[in-house]
Each structure stands twice: as C-alpha cells, then as structure tokens.
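# Residue-level structural notes
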Amino acid sequence: MTFPPSLRGTQCRGTPPSLRGAQRRSNLPRQPQSQGFTLVEVLVALVIMAVMAGVTWQGVDGMARSRQVSSQAVERTLRVNTALMQWEQDLAALEESRVVPALRFDGATLRLTRRVSAGAYNGLQLVAWTLRDGTWWRWAGPEVTRVAELQQSWARSQLLMGTEPGTTKVLEGAQAAQVYFFRGEAWSNAQSTGDVTPSPTSPPTPAAAGPALEKLPSGVRLVLTLEGQKLTRDLVLAPQVP
C-alpha cells in the first residue's frame, strides 16, 4: 500500500515528544549502577576494627609495662652494686689507730676507721653505716690527723640523727642489715667480744679511757635483706701492718 507523498512521515511527525525521548534513551548503552555498603556491613567493619584496636593496645601496653619493670630492675641492681662497692672500699681501707676501735658493730651501726691518702697527706676518717627507717645510710666524718680530733669524731658518731654533714642515703628498701666477723675458723656475731688488742703505750687513766680495742677479724660478712630477699656479701680483710 502506497501513501501519497503528502501523507508520508505523518506517523513519525505525530509521535509525541516524550515517546521519542524514551525511544532514544532505550537505544543508549546501559551503565552499571554503583552499590554502597549496607548498614549491617558498616557495623560489622566497625566491630572488627574495634577488636583489632583493643588487641593491639593490649600488646603495646604489655610491652610498655615489661620495659618499665626491666628498667626498674636494672636501676635497682645498679644502686645495690654501687652501695656494695662503697662498702667494700671502706673495709678495704681499714686502718687501726690504737685510739678508737677500727671496726665496731653495735647491732644497728657499723663504725670503722679508714685511711685517707692524698699525695703526701695521710689522715684518718671515721665512717658509720646504719640502717634507719628502711634506708641504708653512710656517714663520713672529717679527715683528721690528730688524736683529739679522731676521738671527737668517734663520739660524734654515737649521736647521729641522719641530718649531719657527710650523711648520704645509700640504699632504700632495706629491711635488715646484719654483720658477722670471721674469727678463728668460724663466723660469729659481730657483737660478740673478740680478743683485746694490747696498747703499745702506757695504760690511760680512767678519765681518759676510751672504748676497748679488739683485734680485727680476718673477714666481714654482710647479710642485707632487700624486699624480702637476703643478699650476702663476704669480704676478706687485709692484714694490718704493725
């Protein structure tokens, strides 16, 4: 069937514009639609991230605590070694003066007389080690060269309060400190009486009589209690030159 020229294209021209746009859109290639995360997926991801963060924090916190404990232990060991080194140095420099006891322990304080050498100068110094209120203290008196000064230093060491010049806080956290002397062939309590050293001079008058002098032991043992654990340190004393 043939339409007259005047009627050709009438059907196309009569198509509404909305239908013509729909036809053109239907001919275009379809683009894939992007899909986002659902609310459930987001919540699950947040829970997983929270669990991982908690596990990581526990690991980091544990490492920090371990490092702190190790650092405290190392620092504690250094302080103990420093205190014992000073203790051994004092005993290694022990010197008999024939005026005051060179080594005496009364159950709370250890007093000793040590030599101090600086070039041509040779003097004596009285040192006292005492345990007070959980702290190990060391007091070092002035260096003296005269008998009267040494006797005064000995008398001053009997009245220590912890605030005198020359007092040093050596070690904290000490519960007990016990000293033993090696006399003969066995260790004995340092408070027990030893052999009396004869004086090379004439006997003093009763008014001038000082503390009795005893022979030095051949060894000193220190038993120090720190945080419930006992630390023992033995030291051999060098023989005194007469």
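What you are looking at is a predicted structure, and each value in this text was computed from that prediction instead of being measured. (Residues numbered from 1 in each chain as written. Predicted model: local features only at pLDDT ≥ 70, side-chain atom pairs only at ≥ 80, totals over all residues. Heavy atoms only, no water.)

### Some words on empty space enclosed by the protein
Taken as a whole and assessed by the stated rule, the structure comprises three cavities of 30 Å³ or more. Here the second largest cavity defines a volume of roughly 60 Å³. If you trace the second largest cavity, you find it lined by Trp87, Phe105, Ala108, Leu110, Trp129, Thr130, Leu131, Trp136, Ala177, Val179 and Leu222. Within the residue set of the lining of the second largest cavity, elements represented by two or more residues are strand E3 (121–132) and strand E6 (174–183). For the lining of the second largest cavity, the element with the highest residue contribution is E3, accounting for three residues. (1 Å grid on protein atoms, 1.4 Å probe; cavity = no way out; pocket = protein on both sides within 12 Å on 5 of 7 lines; lining within 4 Å. Points joined across faces, edges and corners; volume = space filled by probe spheres on them. Helix = DSSP H or I, 4+ residues; strand = E, 2+ residues; numbered from the N terminus.)

### A few points about unusual backbone geometry
In this model, Arg98 sits at a positive phi of 65°, which is unusual for a non-glycine residue. Here Arg98 shows up in the loop between helix H3 (39–92) and strand E1 (103–105). By relative accessible area, Arg98 is classed as partly exposed at 38%. With a phi close to 50°, Glu227 is a non-glycine residue in the positive phi region. Along the polypeptide, Glu227 turns up in the loop between strand E8 (219–226) and strand E9 (229–236). Given a relative accessible area of 61%, Glu227 falls into the exposed group. (Buried < 20%, exposed > 50% of the residue type's maximum accessible area, 1.4 Å probe, protein only.)

### Side note on the side chain of Arg138
Mapped onto the secondary structure, Arg138 falls in strand E4 (residues 135–140). According to the relative accessible area criterion, Arg138 is buried, its value standing at 12%. At 2.8 Å, the side chain of Arg138 forms a polar contact with the side chain of Asp90. Beyond its immediate chain neighbours, meaning those up to four positions away, Arg138 contacts Gln86, Asp90, Arg114, Val127, Ala128, Trp129, Gly166, Thr167, Thr168 and Val170. (Polar contact = N/O pair within 3.5 Å; in protein donor to acceptor, adjacent residues only side chain to side chain. Contact = heavy atoms within 4.5 Å.)

### Looking at the sheet that holds E6
The strands making up a sheet are joined through hydrogen bonds of the backbone, oriented either antiparallel or parallel. The strand order E7-E6-E8-E9 describes an open sheet built from four strands, whose pairing is antiparallel. The open sheet has two free edges, formed respectively by strand E7 (186–189) and E9, since each of these has just one partner strand. Direction aside, neighbouring strands of the sheet carry axes that sit 30° apart on average. (Pairing = 2+ DSSP bridges. Axes fitted to C-alpha atoms, helices over the stretch in contact; angles between N-to-C directions.)

### Re the pattern of salt bridges
Counted under the stated rule, the structure contains nine salt bridges. Arg76 is the partner of Glu227 in a salt bridge, and the nearest nitrogen-oxygen pair spans 3.9 Å. Of the two residues, Glu227 is situated in the loop between E8 and E9 and Arg76 in helix H3; the sequence distance between them amounts to 151 residues. By relative accessible area, which is 17% here, Arg76 ends up buried. A salt bridge links Glu88 to Arg233; its shortest N-O distance comes to 2.7 Å. Residue Glu88 is found in helix H3, and its partner Arg233 is found in strand E9; the two are separated by 145 residues along the sequence. Given a relative accessible area of 28%, Arg233 falls into the partly exposed group. Through salt bridges with shared partners, one network takes in Asp90, Arg114 and Arg138. (Salt bridge = Lys/Arg side-chain N within 4 Å of Asp/Glu carboxyl O.)

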